[in-house]
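Tertiary structure, described
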Amino acid sequence: MTVSTMELKLNAIRSDTGLSRKEKIAKLEKLRTEARALQRAATESAMVEDDGWYEDVHLIDTELENLGRSVEEKGAATL
């Protein structure tokens, strides 16, 4: 079974016992912002295929929800 880079990052955050819940959420939100930026860039280019960016955002959202943080889209530029 192949593990994506995002899954490795999420596992590292999840298993880091030195991070508080709040710190984990902050790291996840930063990752989500970066993943959404890549996702938006991909939708603006007809030459770029989905390279897992949609799955990355989904994985991050799931991890945030597991920590009790609901995910809400902000602004009119949601995908």
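Think of each chain on its own: its residues are numbered from 1, step by step along the sequence as written. In keeping with the model being predicted, local features are shown solely for residues with a pLDDT of at least 70 and side-chain atom pairs are shown and tallied solely at 80 or more, while totals for entire chains, interfaces and linings include all residues. The side-chain figures draw on all heavy atoms in the structure; neither hydrogens nor water molecules are used.

This part is about the overall build of the chain. The way it works is that DSSP assigns letters per residue, a run of H or I at least four long becomes a helix, a run of E at least two long becomes a strand, and they are numbered from the N terminus. Along the backbone of the chain there are three helices and zero strands. Put simply, the chain runs from its N terminus to its C terminus through helices and strands in the order α-α-α. For every residue, the accessible area obtained with a 1.4 Å probe (protein chains only) is divided by the maximum for its type, and the residue is called buried under 20%, exposed over 50%, and partly exposed between those limits. Taken over 79 residues, the chain has a buried fraction of 27%. In this analysis, two residues are considered to be in contact whenever any of their non-hydrogen atoms come within 4.5 Å of each other. Partitioning the contacts of the chain with sequence separation of at least 6, the portion at a separation of at least 24 is 63%. Only the protein chains shown count as cover for residues, and the accessible areas themselves come from Shrake-Rupley with a 1.4 Å probe. Approximately 5700 Å² of the chain is accessible, and the part contributed by carbon and sulfur atoms is 52%.

Right, let's get into the environment of Val57. Inspection of the secondary structure assignment puts Val57 in helix H3 (residues 53–66). Using a relative accessible area of 6% as the deciding quantity, one classes Val57 as buried. Counting along the chain gives 21 residues from Val57 to Arg36, while the straight-line C-alpha distance between them is 6.7 Å. What Val57 contacts, discounting residues up to four positions off in sequence, is Arg32, Ala35, Arg36 and Gln39.

Our next topic: the confidence of the model for the chain. On average, residues of the chain score 84 in pLDDT, and 80% of them reach the 70 mark or higher. Confidence, read as mean pLDDT per element, is least for helix H2 (residues 21–44) in the chain (90) and greatest for helix H1 (residues 5–15) (95). A score between 0 and 100, pLDDT records how confident the predictor is in each residue.

Quick look at the layout of surface pockets now. Definitions used for this entry: grid spacing 1 Å over protein atoms alone; cavity, a set of points where a 1.4 Å probe fits but cannot get out; pocket, an open set with protein on both sides within 12 Å along at least 5 of 7 lines; lining residue, one with an atom within 4 Å of a point. Grid points are joined across faces, edges and corners, and a volume is the space filled by probe spheres set on the points. Of the pockets and cavities examined, the second largest pocket occupies roughly 210 Å³. Forming the boundary of the second largest pocket are 16 residues, of which Thr5, Met6, Gly52, Trp53 and Asp56 lie nearest the centre. Taken together, the elements giving at least two residues each to the lining of the second largest pocket come down to H1, H2 and H3. Grouping the amino acids of the lining of the second largest pocket by side-chain chemistry returns six nonpolar, four polar and six charged. The classification used treats Ala, Val, Leu, Ile, Met, Phe, Trp, Tyr, Cys and Pro as nonpolar, Asp, Glu, Lys and Arg as charged, and all other residues, Gly among them, as polar.

A few words now on the packing of H2 against H3. Between the N-to-C directions of two axes lies an angle of 0 to 180 degrees, each axis being a line fitted to C-alpha atoms and, for a helix, fitted only over the stretch in contact. For the pair H2 and H3, the least separation of the axes is 9 Å and the interaxial angle reads 160°. In terms of orientation, H2 and H3 fall into the roughly antiparallel class. The handedness of the crossing between H2 and H3 is left-handed. Together, Ile25, Leu28, Glu29, Leu31, Arg32, Ala35, Arg36, Leu38, Gln39, Ala42 and Thr43 of H2 and Trp53, Tyr54, Asp56, Val57, Ile60, Asp61, Glu63 and Leu64 of H3 make up the contact between the two elements. Comment on the angle field: the value is read as roughly parallel under 35 degrees, roughly antiparallel over 145, roughly perpendicular from 65 to 115, and oblique elsewhere. Crossings are assigned a handedness: left-handed for a near helix turned anticlockwise from the far helix by less than a right angle, right-handed for a clockwise turn.

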